[in-house]
Amino acid sequence: MVATRSGRFEIDRRTLLRTGGLGAVSLAGVGLLAACSGGTAGGGSGGGGGSLTFGSNASDAVPKKAYAAFVSAFEKKSKDTVSTNVSDHNSFQDKITNYLQGSPDDAFTWFAGYRMQYIAKKGLVGDVSDVWSKIGSNYSDALKKASTGEDGKQYFVPNYNYPWGFFYRKSFWQSNGWEVPGTFDELVALCKKMKAKGIIPIEFTDKDLWPACGTFDYLNMRINGYQFHVDLCAHKESWNSSQVKEVFDTWKELLPYYDPSAAGLTWQEGAQKLGNKQAGMMLLGSFITQQFTDASVLNDIDFFPFPEVKVEGTDAVEAPIDGLMLSKKGAQNQAAKDMLQFMGTGAGQEAYYSVDKSNIMTAKDADTSGYSAFTKKLSGVIADAKSISQFFDRDALPAMASNVLEPAMLNFLKSGTVNLANIESQAKTLYSQQ
Amino acid sequence: MTTTTAPAAARRTRVTASTRTRIKNGPGVWGAYLFLTVAAILWLIPLLWAVYTSLRPKADTDRLGYFSIGGSYGFSNFAQAWTQGGFLTYFGNSAFITIATVVLTLFFASMMAFAVSRFSWRFNVTLLIMFTAGNLLPPQVLATPIFELFKLIQLPYSISDSGSLLNQLVGVVAANTGFQIGFCTFVLSNFMKAIPQELGEAARVDGAGVWTQYWRVIMPLTRPALAALGTLEVIFIYNDYFWPLILIQSGNRLPITTAINNLQGQFLSNYNLLSAGAIITVIPTLVIYLALQRQFVAGLTLGASKG
Amino acid sequence: MTVEAPISAARATRSPAPRRRLRSLTKRDRIVLGVMIGIPTLIQAVLVWIPLLASVALSFFKWDGLQLSGFVFQGLTNYNFVFNQAPAFWPAVLHNIVWLLFLGLIGTPLGLLLAVLLDSKIRGSRIYQTVFFMPVMLSLALIGIIWQLMYSQDNGLINNVLGTAGTPAAIDWFGDSSVNLWAALVAATWRHAGYIMVLYLAGLKGVDPSIKEAASLDGANGRQTFFRVVFPAMAATNVIIVVITVIESLRAFDIVYVINHGTNGLELLSVLVVQYLVGETQVIGIGSAFAVVLLVISLVPIVIYLSRTFRTKE
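Residues numbered from 1 in each chain as written. Chains lettered and ligands numbered in written order. Predicted model: local features only at pLDDT ≥ 70, side-chain atom pairs only at ≥ 80, totals over all residues. Heavy atoms only, no water.

A. Representation of the overall build of chain B. Looking only at helices and strands, one finds 16 helices and one strand in chain B. Going through the 307 residues of chain B one by one, you find that 59% of them count as buried. Total accessible area on chain B is roughly 11,800 Å²; 69% of this is exposed by carbon and sulfur atoms. (Helix = DSSP H or I, 4+ residues; strand = E, 2+ residues; numbered from the N terminus. Buried < 20%, exposed > 50% of the residue type's maximum accessible area, 1.4 Å probe, protein only. Areas by Shrake-Rupley, 256 points an atom, 1.4 Å probe, with all protein chains shown as cover.)

B. Up close: the UniProt feature "transmembrane region" (unreviewed entry) in chain B. Under the local residue numbering, the UniProt record ascribes the feature "transmembrane region" (unreviewed entry) to residues 30-52, 95-116, 123-146, 166-188, 225-246 and 271-292 of chain B. Secondary structure across residues 166-188 of chain B divides into 87% helix and 0% strand, with the first and last C-alpha atoms of the span separated by 31 Å. (UniProt positions renumbered as here; feature names shortened; annotations may be inferred.)

C. Here's a closer look at the packing of helix α7 (residues 87-118) of chain B against helix α2 (residues 27-58) of chain C. The N-to-C vectors of α7 of chain B and α2 of chain C enclose an angle of 125°; their axes lie 9 Å apart at closest approach. By the angle between their directions, the pair α7 of chain B and α2 of chain C is classed as oblique. Pair α7 of chain B / α2 of chain C crosses with left-handed handedness. Here α7 of chain B contributes Phe108, Met111, Met112, Phe114 and Ala115 of chain B to the contact with α2 of chain C, which in turn contributes Leu33, Met36, Ile37, Ile39, Pro40, Thr41 and Ile43 of chain C. Of the residues belonging to the contact of α7 of chain B with α2 of chain C, the class tally is 11 nonpolar, one polar and no charged. (Axes fitted to C-alpha atoms, helices over the stretch in contact; angles between N-to-C directions. Parallel < 35°, antiparallel > 145°, perpendicular 65-115°, else oblique. Left-handed = near helix turned anticlockwise from the far one by under 90°. Contact = heavy atoms within 4.5 Å. Nonpolar A, V, L, I, M, F, W, Y, C, P; charged D, E, K, R; others polar.)

D. Geometry of the sheet that holds strand β8 (residues 301-304) of chain A. All names here are of chain A. Pairing is mixed in the open sheet, where four strands are placed in the order β6-β7-β5-β8. The open sheet has two edge strands, β6 (200-203) and β8, and neither has a second partner. Strand-to-strand, the axes of this sheet are offset by a mean angle of 25°, without reference to chain direction. Of the pairings in the sheet, the one linking strand β5 (residues 164-169) to strand β7 (residues 279-285) comprises five bridges and is antiparallel in character. What sits directly across from Gly165, in β7, is Leu284. Strands β5, β6 and β7 of the sheet are contacted by helix α11 (residues 184-196), whose axis makes an angle of about 135° with β7. The sheet strands contacting helix α19 (residues 373-384) are β5 and β8, and the helix crosses β8 at an angle near 15°. (Pairing = 2+ DSSP bridges.)

E. Inspection of the confidence of the model for chain B at higher detail. Residues and elements named next belong to chain B. Model confidence for chain B is summarised by a mean pLDDT of 82, while 87% of its residues fall at 70 or above. Across residues 1-23, confidence stays below pLDDT 50; counting only partners more than four residues off in sequence or on other chains, it has 31 contacts. Taken together, the stretch residues 303-307 has pLDDT below 50 and engages in 13 contacts with residues farther than four places along the chain or on a different chain. (pLDDT = per-residue confidence, 0-100.)

F. The arrangement of the side chain of Asp206 of chain A in detail. All names here are of chain A. By the element assignment, Asp206 lies in the loop between β6 and α12 (212-224). The buried charged residue Asp206 lacks any salt bridge partner; its closest oppositely charged side chain belongs to Lys414, at an N-O distance of 8.4 Å. Setting aside chain neighbours within four positions, we find Asp206 in contact with Pro211, Ala212, Ala262, Ala263, Leu265, Met409, Leu410 and Leu413. (Lys, Arg positive; Asp, Glu negative; His and termini not counted. Salt bridge = Lys/Arg side-chain N within 4 Å of Asp/Glu carboxyl O.)

G. Highlighting the side chain of Gln148 of chain C. Mapped onto the elements, Gln148 of chain C comes out in helix α6 (residues 140-151). Among the polar contacts listed, one links the side chain of Gln148 of chain C to the side chain of Tyr271 of chain B, at a separation of 3.4 Å. (Polar contact = N/O pair within 3.5 Å; in protein donor to acceptor, adjacent residues only side chain to side chain.)

H. Just the sheet that holds strand β11 (residues 360-361) of chain A, in detail. All names here are of chain A. Strand order in the open sheet formed by six strands is β2-β1-β3-β10-β4-β11, with mixed pairing between adjacent strands. Edge strands, defined here as strands with exactly one partner in the open sheet, are β2 (81-86) and β11. Sheet topology note: the strand β3 (residues 107-111)/strand β10 (residues 321-326) ladder contains five bridges and is antiparallel. The partner of Thr109 across the bridge, within β10, is Leu324. Contacts from helix α18 (residues 346-353) reach β4 (157-161) and β11, with the element oriented near 40° to β4.

I. The arrangement of the UniProt feature "transmembrane region" (unreviewed entry) in chain C in detail. Residue and element names in this part refer to chain C. What UniProt calls "transmembrane region" (unreviewed entry) maps, in this numbering, to residues 31-61, 97-118, 130-150, 181-204, 225-247 and 283-306. End-to-end, the C-alpha atoms of residues 130-150 are 22 Å apart, and along that stretch the chain is 71% helix and 0% strand. The span residues 225-247 is 96% helical and 0% strand by assignment, and the distance between its end C-alpha atoms comes to 30 Å.

J. Summary view of the nonpolar core. Trp251 and Met281 of chain A together with Trp99 of chain C are the most contacted members of the largest nonpolar core, which totals 341 residues. Tallying contributions element by element places helix α8 (residues 180-206) of chain C first for this core, with 16 residues. In terms of domain composition, this core takes at least three residues from each of domain 1 (9-162 + 320-388) and domain 2 (164-318 + 397-432) of chain A. (Core = buried A, V, L, I, M, F, W, Y, C linked by side-chain atoms within 4.5 Å. Domains from an automatic or database assignment.)

K. Seen up close, the confidence of the model for chain C. Residues and elements named next belong to chain C. Summing up the model confidence of chain C, the mean pLDDT is 85 and the portion of residues at 70 or higher is 91%. Here helix α1 (residues 9-12) stands out as the least confident element of chain C, with mean pLDDT 40; helix α4 (residues 89-119) is the most confident, with 94. Note that pLDDT drops below 50 for residues 1-17; the model gives that stretch 70 contacts with residues more than four away or on any other chain. For this predicted complex, the interface confidence reaches an ipTM of 0.87, while the overall pTM sits at 0.84.

L. Summary view of the pattern of salt bridges. Residue and element names in this part refer to chain A. Under the criterion given, the structure shown has 12 salt bridges over all chains. Residue Asp300 pairs with Arg169 through a salt bridge whose shortest N-O separation is 2.9 Å. Taken together, the residues Asp300 in helix α16 (residues 295-300) and Arg169 in strand β5 connect sequence positions 131 residues apart. With relative accessibility at 10%, the residue Asp300 sits in the buried group. With a relative accessible area of 10%, Arg169 lands in the buried category. The salt bridge partner of Lys273 is Asp259, with a shortest N-O separation of 2.9 Å. Residue Lys273 is located in helix α15 (residues 267-275), and its partner Asp259 is located in the loop between α14 (242-252) and α15; the two are separated by 14 residues in the primary sequence. Since its relative accessible area comes to 18%, Lys273 is described here as buried.

M. Representation of the packing of aromatic side chains in the model. Residues and elements named next belong to chain A. As enumerated under the stated definition, the model contains 78 aromatic pairs over all chains in all. Centre to centre, the rings of Trp164 and Phe287 are 6.0 Å apart; their planes meet at 75°, and the pair counts as edge-to-face. Taken together, the positions of Trp164 in strand β5 and Phe287 in the loop between β7 and α16 put the pair 123 residues apart, joining distant regions of the chain. For the pair shown, Trp164 and Phe287 are each scored as buried. What links up through ring pairs into an aromatic cluster is the set Phe166, Tyr168, Phe172, Trp173, Trp178, Tyr218, Phe304 and Phe306. Note that Lys357 overlies the ring of Tyr353, its terminal NZ or CZ placed 5.6 Å from the centroid. (Phe/Tyr/Trp six-rings, centres within 6.5 Å; stacked < 30°, edge-to-face > 60°. Lys NZ or Arg CZ within 6 Å of the ring centre and 35° of its normal.)

N. Spotlight on the environment of Phe392 of chain A. Residues and elements named next belong to chain A. Inspection of the secondary structure assignment puts Phe392 in helix α20 (residues 392-395). For Phe392, a relative accessible area of 0% translates into the label buried. Spatially, the C-alpha atoms of Phe392 and Ser415 are 22 Å apart, while their sequence positions differ by 23 residues.

O. Local environment of the interface of chain C and chain B. At the interface, 120 residues of chain C touch 118 residues of chain B. Across the chain C to chain B interface the summed buried area is about 11,500 Å²; carbon plus sulfur atoms make up 72%. At the boundary of chain C and chain B, one finds zero salt bridges. Along the contact surface separating chain C from chain B lie 17 residue pairs in polar contact (both at pLDDT 80 or more). The biggest single contributor to the side of chain C that touches chain B is α2 of chain C, with 19 residues. Partitioned by chemical class, the residues of the side of chain C that touches chain B number 76 nonpolar, 26 polar and 18 charged. (Buried area = accessible area lost by both parts, 1.4 Å probe.)

P. Structural context of the layout of surface pockets. What the second largest pocket holds in volume is close to 880 Å³. Lining the second largest pocket are 40 residues; nearest its centre among them are Tyr99, Gln101, Gly102, Ser103 and Pro104 of chain A. Put simply, the parts of the chain that give the lining of the second largest pocket at least two residues each are β2, α5 (89-94) and α6 (96-101) of chain A together with α9 (140-152) of chain B. At four residues, the largest contribution of residues to the lining of the second largest pocket is made by α6 of chain A. Residues belonging to the lining of the second largest pocket are distributed by class as follows: 12 nonpolar, 20 polar and eight charged. (1 Å grid on protein atoms, 1.4 Å probe; cavity = no way out; pocket = protein on both sides within 12 Å on 5 of 7 lines; lining within 4 Å. Points joined across faces, edges and corners; volume = space filled by probe spheres on them.)

Q. The arrangement of unusual backbone geometry in detail. Phi at His235 of chain A takes a positive value of approximately 55°, unusual for a residue other than glycine. Its location among the elements puts His235 of chain A in the loop between α13 (226-233) and α14. Notably, Asn264 of chain C is not glycine yet its phi reads approximately 45°, a positive angle. Topologically, Asn264 of chain C is positioned in the loop between α12 (254-260) and α13 (269-275). Asn264 of chain C sits in the buried class, given a relative accessible area of 8%.

Here is the structure:
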């Protein structure tokens, strides 16, 4: 199977189209609301009649439609015309630097974190600080930080994010008397109980390699704190350290409770096992809900944050942010800036959300009255977070993530051992090559 | 088994036919048949399995499992895969890349082969060796510099919307042509060498220049080799996965062979659609194979038959 | 991709017809000829020879690929990474060797066997040939997908026939790193054997029938005739087939890239080059160092082949 990378979860969003996904549970009328509510922060300085091109990586049905809804809402509002070029999600990501050096569109879809900062540092994208001066108050500080390059300027406007955490079936847990674990020890104890019943306690899927980063990031942040995560991703901290060793030592306690065939499973297959009550819980992003096409299963899905390990509390949350950026060329185009500004408004995000409901809107003034209780819970976790991480392969050097850490984690999963000295030596070489 | 019973005298007159290694009647021949038949069945299974899966609606295989008989059979997966996968675009890209590459390659290679084989000049063998060697390399060895080179080539936006050779079908054509010229030159030069020198001389006496000798005399005589080589190259280029993977950034510009990898992601866990997509991809090669099998095999073995 | 070149070796060894010297040409003809040589040579130089040298050069530098000014010389750092740090390097070398041995000991001999059996007067020889040759028409990328349908853990044909599908005993042929290399090799052999068969059939047809006749008259049986007479007479074809097998093993890429991007037990040298070459993970210096390692290994069969092919000409 194709090795999909994080952020490529759109693959099966077409299932959402069939079922309404989260939207089936939440409220179907948001689209209508969005159309009426307008945006308080205003969208664009409005001359109208301009035009721009928009490169979208939303190649699957639901996000594609959602961006189309966003674009048409923008066109209606601004009288600008937008021509959208949709590229395959995976290739868009693989080829971003070539794309930006080649013939980029004015605006394009991208991710927050190192991936954004890297292309900003290389001077491949346009500064949108002036857009931020208008929409800044509509975002939390954490989101602003996530949109800021190393030089202190903003380059990114968030659309939505989605938290990572443990997903499980409420009814399954209730009937067995299982309780949401608040600490790592409770988690291990619960796993033991599940295993005794012949259930796979934790569904883990590593065929695509990237899902393992979620567990690593959470353990790292819960043991060493958010700042250590950031510094490790930037390779300001050593991999060959007692801190990282502790992460893997702790992780090792969970290995006996993973799905034995994890190495060959995709997250989609894992989600099916969770839905079928073959597995007790699964750590993934909230896009997991796309897999539950049966509304009765979908309604039964609940979420709890990664338990406390060593650092007190659970105030760091992994919630990757997707949004828009401008190419260098696009930064000269007022219409393109206006579109990014529109993305920073409730009206813009609602237009997107009206179609794709598997994510959490990021603008403060976005109308969330349509959220289901479950979506509210997810958004609450993000809102309460003191710090938001982006996921290892978005926060760190991409070559470090996919060529070094991910294979090492797969090996760890299979053998229970990890060679931190080797990871450190590879990290040294790779980071020095940048 | 008629041949084994043929009279010895008759056999001797049909030398080529009768002197192949013969399996005599008896357990040996049955063993051979058994082995070949079992092997042939095993050989066909992967394709037949794909065809079978592609003919069944997903609902039926979800209900009955893939390893089952029953439910309905039809071509709906093909229609769905065709529209959902965007095959028309991919086939268009494949056709452009393949035709352009094969025409250019044969044209340039035949010129070079003509110069190398019909004239004797310093370094002609050296050049031929270097041409041949280039084609034997793993293409990955060349990929980085070609990629960077194509990126750095500045083209006006009126010609290339990327301003460079990247993400352009012509870029893939260029890379493939560069990579294939060596092989074609080698094959064609061997073929042209076998054409009697006197033919060129006669034309020269009639006042024909070098170009006329090439185009009017040698090329027509090379037609069998060009046909065989052309068929072979069509298949090679159509089946090329690597260069578009490296050089094309937009999904809608990929040729079908590289694009099916994306379809695999798109049709994830829907093996019915995936099979249909695979079969659709196979059809053009299969048509060429069945129509031009002789040419293809001749191309593959060009020269090898003259021990 | 298929290795094409060596097939014509036999013809290359024939003595060339007497050729014209350039001196006898008019000035105009010389210019025409110069253009006819110049254009293909220029294409080769720009798209093959210069990139080759550039690969070697880049492997000693660090470069972000963005500006021509950004080169920083760093000696053997990239090679140190390749040989001493990248955990996938030695497994990849091992996998390439396994690939070579598997094709060499199973794929190629199977192709020979098919050719020898089909070369005898067997009924329906053409049909068998068509069947065995069919996969040769398919791209290795497509073969990866077709075999995915065979190998899938719960829905694949193989596990269903074995009766393990849907049970914990079901092997994930492409996902389990202890078996997936072999699974991929079976799929590759599906194509390779047919390819070898066709080449060998052509070679067998070229063997002078009288020597077989003679051996047969001397009382040699079929096997003896083949190994003592036919096989040695086919030296040229044999060399070609050895070279093809070696080069195909070094070039193996498409099929593992389609299966899982060449990870988790399917690491190959060609994949490592690409891993450090495309996309956001691009590290040009390291990718080039991997490419040079692959190049140096590939030069061995290439040089052997070329020296054999062209030796008689000089």
